[in-house]
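One letter stands for each residue in the lines below.
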Amino acid sequence: MENQTETTPDISTIDEPARKKRGALLVHEKLREDIQWMRIAPGSALDEVALARQFDVSRTPIREALLLLSNEGFVHFLQNRTTIVAPLSLENQSAFLDTFILLSRALVRAAASNHRADKSHLVDFVTDFAHHLDAGNTETAFRALLGLFRQCADLAMNFFLAKYFIEAQDASVRMRLLYYFPHMTDQDKTEAIARMQQIVSALLSADPDACDRAVQAAFRSETGVIQRGLGPRFGHDMVISPATDMTQVPK
């Protein structure tokens, strides 16, 4: 029998649409990450020529990536053909938070009901969250929190519930980076760690009701911080001297 050797595919034989699609997906992934984690500020304009130069691709994959981001709500196309990062609006946040909370409650109940929680994995998320939150490493701490719930999505064994939960969780990242983490006090941090530990304990006990209660308590705490962060901080307490009576100013 003749020896058979593996050969590296010649990329010149790959058709152009396939290369463009791969390029578009790579651009989409990187831009999505940068927008989601606030490396590109809401409202920023996205220049196709500059992006094509940055990613070393033609403008076609850039347009395809921007279209994907538009479908996910991360960018907006304006009438003058400018593309901007979607601004953060508080207009529909109450409806969004209701949806996110309901999905989260359903998710942890399903995860607990399946009796598949593994202590060695779940406890690490709490440890990492506590360590990085105390150290002021907001993004790393937040990723640990997100990681715990993505693990719950795997444990739930429900494709549709996991899909919509993850979409909602991704949509919450910018809001929480702006209005939650920056306004946490030391007491808030201690409570957030404790709430996360309660969720893990309930999962390990395979107790759906306890999971539900723990998630509700965690969201109440989180939304309390967000509401406090959006409120006035000193305007009501500031002492302002009466305005000078201009009619008494000497000429």
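So, how was this worked out
- Residues numbered from 1 in each chain as written.
- Predicted model: local features only at pLDDT ≥ 70, side-chain atom pairs only at ≥ 80, totals over all residues.
- Heavy atoms only, no water.
- Helix = DSSP H or I, 4+ residues; strand = E, 2+ residues; numbered from the N terminus.
- Buried < 20%, exposed > 50% of the residue type's maximum accessible area, 1.4 Å probe, protein only.
- Areas by Shrake-Rupley, 256 points an atom, 1.4 Å probe, with all protein chains shown as cover.
- Contact = heavy atoms within 4.5 Å.
- Axes fitted to C-alpha atoms, helices over the stretch in contact; angles between N-to-C directions.
- Parallel < 35°, antiparallel > 145°, perpendicular 65-115°, else oblique.
- Left-handed = near helix turned anticlockwise from the far one by under 90°.
- Nonpolar A, V, L, I, M, F, W, Y, C, P; charged D, E, K, R; others polar.
- pLDDT = per-residue confidence, 0-100.
- Patch = residues over 30% accessible without salt bridge, like charges linked within 9 Å, V, L, I, M, F, W, Y side chains within 5 Å.
- Salt bridge = Lys/Arg side-chain N within 4 Å of Asp/Glu carboxyl O.
- Phe/Tyr/Trp six-rings, centres within 6.5 Å; stacked < 30°, edge-to-face > 60°.
- Lys NZ or Arg CZ within 6 Å of the ring centre and 35° of its normal.

### Some thoughts on the overall build of the chain
(1) Moving on: Scanning the chain from terminus to terminus reveals nine helices and three strands.
(2) Moving on: Within the chain, buried positions represent 38% of all 251 residues.
(3) Moving on: Within the structure as shown, the chain displays about 15600 Å² of accessible surface, and the carbon and sulfur contribution to it stands at 53%.

### Brief notes about the side chain of Arg-32
(1) Moving on: Note on placement: Arg-32 falls in helix H1 (residues 16–36).
(2) Moving on: Excluding residues that lie within four positions of it along the chain, Arg-32 makes contacts with Leu-69, Glu-72, Phe-74 and Asp-170.

### Observations regarding the packing of helix H4 (residues 93–113) against helix H7 (residues 159–179)
(1) Moving on: Remark: H4 packs on H7, axes separated minimally by 9 Å, with the N-to-C direction vectors making an angle of 135°. By the criterion of interaxial angle, the relationship of H4 to H7 is oblique. By crossing handedness, the relation of H4 to H7 is classed as left-handed. Where H4 approaches H7, its residues Gln-93, Phe-96, Leu-97, Phe-100, Leu-103, Ser-104, Ala-106, Leu-107 and Ala-110 are matched on the opposing element by Leu-161, Ala-162, Tyr-164, Phe-165, Ala-168, Gln-169, Ala-171, Ser-172, Met-175 and Arg-176.
(2) Moving on: Here the contact of H4 with H7 is built from residues that sort into 14 nonpolar, four polar and one charged.

### Section: the confidence of the model for the chain
(1) Moving on: On average, residues of the chain score 89 in pLDDT, and 88% of them are at 70 or above.
(2) Moving on: Here residues 1–20 is modelled with pLDDT under 50, and outside its nearest four sequence neighbours on either side it reaches six contacts, counting other chains as well.

### Some remarks on a nonpolar patch on the surface
(1) Moving on: On the surface, a cluster of nonpolar side chains totalling about 390 Å² of accessible area is made up of Phe-159, Phe-160 and Tyr-164.
(2) Moving on: Along the chain, the position of Tyr-164 falls in helix H7.
(3) Moving on: Since its relative accessible area comes to 44%, Tyr-164 is described here as partly exposed.

### Regarding the packing of H4 against helix H9 (residues 208–230)
Packed helix pairs are specified by the crossing angle of their axes together with the interaxial distance, meaning the distance between the axes.
(1) Moving on: The interhelical angle for the contact between H4 and H9, taken along N-to-C directions, is 150°, at an axis separation of 8 Å. One element, H4, and the other, H9, form an angle in the roughly antiparallel class. The handedness of the crossing between H4 and H9 is right-handed. Where H4 abuts H9, its residues Leu-97, Phe-100, Ile-101, Ser-104, Arg-105, Val-108, Arg-109, Ala-112 and Ser-113 lie against Pro-208, Asp-209, Cys-211, Asp-212, Val-215, Gln-216, Phe-219 and Thr-223.
(2) Moving on: Of the residues assigned to the contact of H4 with H9, the class counts are nine nonpolar, four polar and four charged.

### Observations concerning the pattern of salt bridges
(1) Moving on: On inspection of all chains with the given rule, the structure shows 18 salt bridges.
(2) Moving on: Of the charged contacts, one joins Arg-109 and Asp-209 as a salt bridge, the two residues approaching to 2.9 Å between their closest N and O atoms. Note that Arg-109 is positioned in helix H4 and Asp-209 in helix H9, a separation of 100 residues in sequence.
(3) Moving on: Through salt bridges that share partners, Lys-30, Glu-33, Asp-34, Arg-39, Glu-139 and Arg-143 make up one connected network.

### Notes on the packing of aromatic side chains
To describe a pair of aromatic rings, you give the distance between the ring centres and the angle between the ring planes.
(1) Moving on: With the rule as written, the count across this model stands at eight aromatic pairs.
(2) Moving on: With a centroid separation of 5.8 Å and 25° between ring planes, the pair formed by Phe-96 and Phe-100 is classed as stacked. Separated by four residues within a single helix, Phe-96 and Phe-100 lie in helix H4, roughly one turn from each other.
(3) Moving on: Summarising the aromatic geometry, the rings of Phe-149 and Phe-165 are spaced 6.0 Å apart at their centres and angled 35° between planes, so their arrangement reads as tilted. Placement of Phe-149 in helix H6 (residues 138–156) and of Phe-165 in helix H7 is noted, with a sequence separation of 16 residues between them.
(4) Moving on: Judged by relative accessible area, Phe-149 falls into the buried class, the value being 9%.
(5) Moving on: Taken together, Phe-96, Phe-100, Phe-149, Phe-165 and Phe-219 form an aromatic cluster joined through their ring pairs.
(6) Moving on: Sitting over the ring of Trp-37, Arg-143 keeps its end group 4.2 Å from the ring centre.

### Let's talk about unusual backbone geometry
(1) Moving on: One non-glycine residue with positive phi stands out, namely Met-38, at about 65°.
(2) Moving on: Among the secondary structure elements, Met-38 is positioned in the loop between H1 and strand E1 (45–46).
(3) Moving on: In the Ramachandran plot, Arg-81 falls in the positive-phi region, its phi being about 75° despite a non-glycine side chain.
(4) Moving on: Note on placement: Arg-81 falls in the loop between strand E2 (75–77) and strand E3 (83–85).

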